[in-house]
Structures are given as structure tokens and as C-alpha cells.
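# Topology and contacts: notes
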Amino acid sequence: MPILPPLEKDTGWRLFLRTVIGRAYPRVVGMQRERSWLFFEVMLPTLAVAAYVFVYRAMRAPEEYVGFVVVGGAMTAFWLNVLWAMSSQLYWEKEQGNLALYIIAPNSLMAILLGMAVGGLYATTLRAAGVILLGSWLFQVQYAVTSLPALLAVFALAMTALYGMGMMLSSVFLLLSREAWHLSNLAQEPIYLLSGFYFPIKHFNFWIAASASIIPLTLGLDAMRQLVFPSGATLGFLSVPVEIVILSILCVVFLVAAQGLLGYMERLAIREGRLTESRR
Amino acid sequence: MTHSLAIETQDLGRAYKIREAKKKEAKTLVALRDVSLQVPRGELFGLLGPNGAGKTTLIKILTTLLAPTAGWARVAGFDVARAPNQVRPRINMVSGGESSGYGLLTVRENLWMFAQFYGIPTKPANARIDELLATLKMSDRANTKSSDLSTGLRQKTNIARGFLTDPQVLFLDEPTLGLDVGASRDVRAFVRGWINADRARTLLLTTHYMVEADELCDHVAIINQGRVLACDAPANLKQRLQREAIFHLEVSPLKDSVLPMLQALPGVCQVTHHPADDRAALDFILADESVLGAVINTLTQADIRLLRLDKRAPTLEDVFVNLVGRSIEEVERADPSPA
Amino acid sequence: MFNLRAEIENREWVPWRSFRIATWLGWQIESNWTDPFLFAVYSIVKPLASALILVVMYGVITNGDFTSPLFPYIYLGNAFYMYVGAVMTGVSWSVIDDREHYKTLKYIYTAPVDYMAYLIGRGVARVLTGSFSVLITIGCGVAFLRVPIHVAAIDVPLFGVTLVIGILLLALLGVLLAGLTLVLAHHAGYLGESVAGALYLFSGAIFPLDILPAWLQPIGFLMPITYWLELLRRALIGSVAEAFPTLAGFSNAHLLLILLALTLVFGVVSVLVFRLCDQRARALGLIDQVTNH
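Residues numbered from 1 in each chain as written. Chains lettered and ligands numbered in written order. Predicted model: local features only at pLDDT ≥ 70, side-chain atom pairs only at ≥ 80, totals over all residues.

### Some points on the overall build of chain C
Assigned secondary structure in chain C consists of twelve helices and zero strands. Computed over its C-alpha atoms, the radius of gyration of chain C comes to 20 Å, within 12% of the 19 Å expected for a compact globule of 293 residues. Considering chain C as a whole, with its 293 residues, one finds that 44% of them fall into the buried category. Long-range contacts, defined here as pairs at least 24 residues apart, represent 83% of the contacts in chain C between residues at least 6 apart. (Helix = DSSP H or I, 4+ residues; strand = E, 2+ residues; numbered from the N terminus. Rg over C-alpha atoms; globule rule 2.2 N^0.38 Å. Buried ≥ 20, exposed ≤ 12 C-beta atoms within 10 Å, placed from the backbone. Contact = placed C-beta atoms within 7 Å.)

What follows is the structure, encoded as C-alpha cells:
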């Protein structure tokens, strides 16, 4: 047995940061390892986008709606990532036996979740950008960005709130155990509908649109449409500044709730002993 | 670690409420009761018992994964229930038969990732990963994706993960479960080397392999049905049977009625029966050698042929049989539920 | 004396026995409808939400004019396309389910069963559960969105024959995908989704084929699902089909003949591809692989 020098270990915020980077790594590097993702995660969503584009063309819709579909179709990648690789992730980690190892490590579980979110966001942004580039080229989408800083701010806030929501749901889904699979399935098409991935939500009744706004992508998409398409502003549900304020509030609410629920989940796991049990 | 005891428990207990399907009332299952242990620093301590004895429950409590429902436990001087954040930087755990990390990462990447969770900078982490993989004879697999590893190599990676963070107290739960003979021998040598290299390290090992416990451990606690039945050095435990005589007999197949007759003989402390196709093995713990005559007479009268007879030195298996009344195999056959 | 081997060999024609047992097994696995929550999720909420996305898109562009024949065209095409996901993808998915999830594929494969018949049997439950979704979606369309289906005007024989041929076709396409799944290691899970996504685009499910760029239209005309969906729409609402020029030149009998011919061609190709892939999977030792992704 070799005698190794004693290890210097980081603690505090340095440990937090190391944990975030460590957990983001599999998603940043691992998920890009097999080039086939370019086909399966860019081409497949583009096929779905194409189907909706042709439907709009069959209806003789204004050409901007094609742009709405391309952007909305690309953003579905973020929703799918939050559902299947954030909300359900603690449950999968439990099944793989990793959750117990995360709990006994000296890091914060919040840092683990944040690492998953950062890695997932990076990998999904690549995919979504691929769909937007391919879709925009195939269907000759015209953009007219009115304010790049506002667009970046909306995207950043929408993603923070969305992944904050995913972090919060990960504890909820873990408590719900196997039902999580069905809940993720349940939250796909209905959210595509309610969040207006393929059409402006202004066309909904105010209260339906307002309720759908709890999903950060709803207002995020609405604001982005207003900022990148010439007629976007006339089809916006609320004004961009108001949407930015609401998204900021959602960021805080979801991140605080994520931390609270994570603490509750960990206490419950330790008290009852079942949340770290794999079913294998 | 300034505390002289690495692990200390007092009247530790854990009960689960289990709600059976279609039944309204919850049943209480006691997995661990009144466990009081003291493990000094620098010791390789073994927990020996059949599946379902409560070993894993005890490890879960000591690694802060499970709260006790009675008593208390301290690891590295800190209460596991009240100060888990003090315990966690000082421990690590490896569960046998499991892999850890992500299939899409290589062995090195998975180990590096876990090093980050313990705050180890990349350079020393990589140096340690190299050393560990070399010692575990898997340097050539460092850049293999974990999903492409065999079961044994996945388990070795998991073991490397546990040692990587140089914990003050390491918990190994059945580390050789499912490993082949050669790999098990490598792991045992590695474990012994690790503890010998620095006497401030402490290792708690659970196993249901008696030989493993006998070969590796400084002290062993024998646990069954959630209780610690004995706790001492393996030599001292075996010393308890020094006065008794231990015999291993191989005989022609046994009729059902013979075993109770043997058990009823004066001076027969324990008999365990291991039936096989064309023969049966009988392990006797006798009060003294003179009882053997009566045993052989009983067998002869029952038309049982004696095929082989050995006198043995006591093993931990005999200690277990003496304490529990049955062998580990028999206990596991009677209640095959894992802990 | 009871001879188990003779009993196994003579009692029942192997493909039938395989089909029968697989149907039972599939029903045990798929019968979500017995759980109200799961029934609501998979047979009501998801299919209706998918349909409503198209309904809202249509409503937004036409200001709620649901009288155009385009609306029932889209609505019915989308509803019946659910069978593609249920049957074709379902049959091929049972390979992944057995191989990776239940880890029973090697035992089934080495048992004296006809594996192709087994796979088709696994699809039967999907047909039944898929039919719930299709019925509910069409029922809601008729009740709330004025999809103009009138029971008296339905061409029942045409509908029945078309539906049966189509489901057989989808099961055979499922067998083809199942064969490819046997030899695919890492991306087998995406295969059904990819093919279903591509066919959605090229089979005139939610828009007439002449909307596609001219160079892509021939793909649509080669797909049997194009004719299957057109015949189903004609059988339920004759006037809808007449409103679009793409296949207007073909009579129902012509379309049925084309559908039958293409089903035969695709069926033969499916069986051949399956047999080839089956041999290849055995040659490469992939029958019991677990991809662990």
C-alpha cells in the first residue's frame, strides 16, 4: 500500500464550487461524448418543428408563426431536460445508488442539484441552438432583435427560474417515487399546450395564461417572441418589463423552495430510511 | 481526530414501521436493538452476521444515512444524528455489489468527480487515482467508460472511490460480495495494507464470510437479529471454545429422526447438519472428546456409515454456531430477507 | 404416462401459442386503464393535449372558423396517427423493455416460441389501449369541436377493412423496427420515436402532402400510412377528402388496392429485415445486451 501525502481538502464555498463543477461535468462532457446526439437531439426535434411549420403553412398562417414554431420547438428541449434530467434526477440517482453517496459526502446537496442544472443547461443550450439554427435555415426564419441585453436577460432569468423549478421538483418527485415517471409524462404535452410553445398565449383567456405563467418558460417564451419577431410585441401576453419582474420573482421563489424542500427530503430520508433505498 | 474512539454506540436501536399491502395497521420491525460498541482508532473492526442481521442498518446509521430510533452513536467523535455535517468530511462508505457514478464517464472521470464532492483539488486527486488504480491492478482501465466495465471492475472502482478521499473512518459493507476469488484476495490485501499504512485510520467491515472476518479483523462483533451477541478479538472469541472439542464428520445420508437423537445426547453442545446428495456433513461442538463415543454409537445404531472424521481447531463459524445455535447458512436459509 | 415434451410440442401451433401468451403478457403490462390516474394520464390528458395544440394553432390562425374541411382533416389525421405510436413503436419497444428493463429477452428468445409472433402479440394490448385514446380524442372532437362525423354517413365496411389492414401494417412495421432494435446498441430507444416522427411529416397526417416541398412529396406517396389515413378520413367524412387535391384523383377502391399492395411489400420487407437482424444479433451476441445508458 503506497503512503500518500495527507490530502488538503477544500471546505466552504470552494467545496461548494468544486461540487457544482464535479456534478456538471458528466453533463457538460459526458453527454457530448457520443456525436450521435446531433442526430437524435437536434434532428428529431427539428422533424417535430417541421410538422408544425407545415401545418401553419397549410392554414396559410403569417410567416412569423413559422418563427414562433422554430423557437418554441427548440425551447421544448429545456422543458424535457428539466422534466427528465432535473425533476426526476434524484429518483434516478437513488435507483443507481448515487443518492446515498451524495448525502454522506461533506458537500451540500444544493451544490449537487446546481451542478446538474448548470450541466443540463449547457448541454441543452447546445441542442436548442442546433434546432434553432437548423430550423431557421430550413424555413428561412427572419428575426428582428429589438434589444439584445433584454433578450439575454429574459433568457437568463427564464432559465434560472426554470432550472430552479426543476431543482425544487426533484425533491417532490423523489418523495413521489415511481409516480414521478408518470408525472413527467403528464407534464409534457399539456405544458407544450399551456405554455404556448407553438403559438402566443395571448390567445388564451387571461386567467389560463396567468396560471400557465407559473411555468417560467411561458413568460420567457412570450418575452423572447416579443424581443425577436417584428410583430411579437403586438402578440405579447404582458409587457416585457413586467414579464422580467415576474420571472425574477419566480427565480427567487423556486430557488428558496428548492433549498427548503431539499432539506425536508434529506431529513425525511434519514428519519425513514427508505429514500436512499434502491429498488434493485 | 483527537478522540481515541473512532466509533462509539450506546444502546443503539432502529425500528421501522412497515405497512403491509392491504393491511391498515403498520407493523413494527426492529432491525437493530441495544447495540453498544466501542471501536478504537486504528482498528479494523468486523461486523459478522447473516443477511438480515442488522449490519447494513448499523452502517447506515453510522454514515448519517439513517437516524436511530433509540440510543446514540458517535463517529470520529461526533454524534451522527446531531452533527452529521461534522461526521461526513471524516468518513466514506463502500457497499459491495454496487457501482457508483455514471456509465457515460470513464473510471478516472467518475473518481475525479467524487473527489470534487470532497473538496480535493484536481492535481492531488489525479495522483491518488493513479495510485489507487495501480494498487487495484486496473491502471489500464482508467480511461474505459464505466458502462463498459465488468461487474468485478465496477466494484473495484467503487472501492477506489471509498479510499480516494482518505477518510478517517471507512465503512465497507460486504466489499467482496460477488467478486471472484482472485479479486476478493486483492481487495482483502488492499484493505489490510490501507489500515497498516496509517494507524490513525479506522475501518469497519461487514461481512458474512467468516474467513474474511477472521483473516482481516482486529476485533469482531457477531450480530444476529439486530443484537450484538459477542464482541472481541477473533482469537479471544475462538478461545471461548478452547475447552470444547470440535469435530467434523462426513456420514452416509442422515434420516430425519437421527439429528434430534444426536442433539439430545448429553455433552453435545451444538450439531449442524449440511446435507449433500450422497452424504451428509455434521459439525459437532462437544463438551469434551469423551462424548464422541456416544455420537458414533448413535450413528452406528441408526445404520449411518461414518465416512470421515476430523478434529478441528475452533473457527469463527463455530463461535457463531455456539452463540446462535445455527450456522450462518441455516439462518439465511430460514430467513432469506436481506438487511 | 404424461410426456411433458410431447405435450409442449403437439398441443398448440407454436406461433399461435407465442402470440397468445404475448398478448396476455402485453395486456398485463399495458393495462393502465385499471388505474384511474394512469388511464387519465395516458389515455385522456396526453392525447387530448396533443390534439388541443393543433386545435389552438388552427383556432388562432382562422379566428375560430372550424367549418373549413382542413380542421377535420388535421384532427382526424392526428387522432388516428396515435395508432402509429401505440402499435409500431410499441411492438419495437417491447424488445427494449424485455431486454433492458425486465431482462427477460434471453429467456423468451431461448424458449420454444416464435419470436415474431410473440412481438406481434405484445402489440395487441397496445392496439386496445391506443384505441381508447383514439376514441376519446375523436369523441371530444365530435362533442366539443364540431368535427362533422355523422354516424349514419360512416362507410362502416370501408372503415373496418382499412383499420384492420392499417393495424396489421403497423404491427409489421413494428416487427421491422424490432429487428433493427435487436442489433442497435445505444440508440435503440430513439428508433421508434425517430421513425414515428418522420412518418408524421411524410404521411399527410396533419397537412396535405402538397404542402411539402415538391422534392419531398414522393416519399409521402411511397408511405402506406398516407393511404391508410386518407381512407379512414374518407370512411368517416367523405367530403373532407374531396376538398384536397393530393389524392382526389383516386377512388376508394384504388386507394385500398394501393394500401394492400404497399402493406404486402412492407410486410415482406419487414419479415426479411427482421430475420436478417435476428441472425446478425445472434452472430454478434447482442440478444442479451444491456446498454446501461
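Still more ground to cover, so stick around.
### Points about helix 3 (residues 64-87) of chain A
Given a rise of 1.5 Å per residue, 24 residues ought to cover 34 Å, and the 33 Å separating the end C-alpha atoms of helix 3 of chain A matches this to within 8%. Of all the bends in helix 3 of chain A, the greatest, near 25°, is centred on A:Asn81. (Expected span 1.5 Å × (residues − 1). Bend = angle between axes of the 7 residues up to and from the residue.)

### Overview of the packing of helix 4 (residues 70-101) of chain C against helix 8 (residues 188-202) of chain C
A packed helix pair is summarised by two numbers, namely the angle formed by the two axes and the spacing between the axes. Residues and elements named next belong to chain C. Contact geometry of helix 4 with helix 8 gives a least axis separation of 9 Å together with a crossing angle of 160°. Judged by the inter-axis angle, helix 4 sits roughly antiparallel to helix 8. Along this stretch, helix 4 crosses helix 8, giving a crossing that reads as right-handed. For the pair helix 4 and helix 8, contact is made by Tyr 81, Val 84, Gly 85, Met 88, Thr 89, Ser 92, Trp 93 and Ile 96 and by Ala 188, Gly 189, Leu 191, Gly 192, Glu 193, Ala 196, Leu 199 and Tyr 200, respectively. (Axes fitted to C-alpha atoms, helices over the stretch in contact; angles between N-to-C directions. Parallel < 35°, antiparallel > 145°, perpendicular 65-115°, else oblique. Left-handed = near helix turned anticlockwise from the far one by under 90°.)

### A look at the pairing of strand 1 (residues 5-19) of chain B
All names here are of chain B. Sheet analysis places strand 1 next to strand 2 (residues 26-40), joined by eleven bridges and oriented antiparallel. Bridge pairing in strand 2 places Leu 12 opposite Val 35. In terms of strand pairing, strand 1 meets strand 4 (residues 70-75) through five bridges, oriented antiparallel. Across the sheet, residue Gln 10 finds its bridge partner in strand 4, namely Trp 72. (Pairing = 2+ DSSP bridges.)

### Some points on the sheet that holds strand 7 (residues 169-173) of chain B
All names here are of chain B. Reading across from one edge, 6-7-8-3-9-10 is the order of the six strands in this open sheet, with mixed pairing throughout. Strands at the two margins of the open sheet, each flanked by one partner only, are strand 6 (91-95) and strand 10 (227-232). On average, each strand axis in the sheet is tilted by 15° relative to the strand beside it, whichever way the strands run. Where strand 6 meets strand 7, five bridges bridge the pair, whose relative direction is parallel. The residue of strand 7 that forms the bridge with Asn 92 is Leu 170. Most of the contacts of helix 1 (residues 55-62) go to strand 7, to which it runs at about 150°, and overall it touches strand 3 (44-48), strand 6, strand 7, strand 8 (202-207) and strand 9 (219-224).

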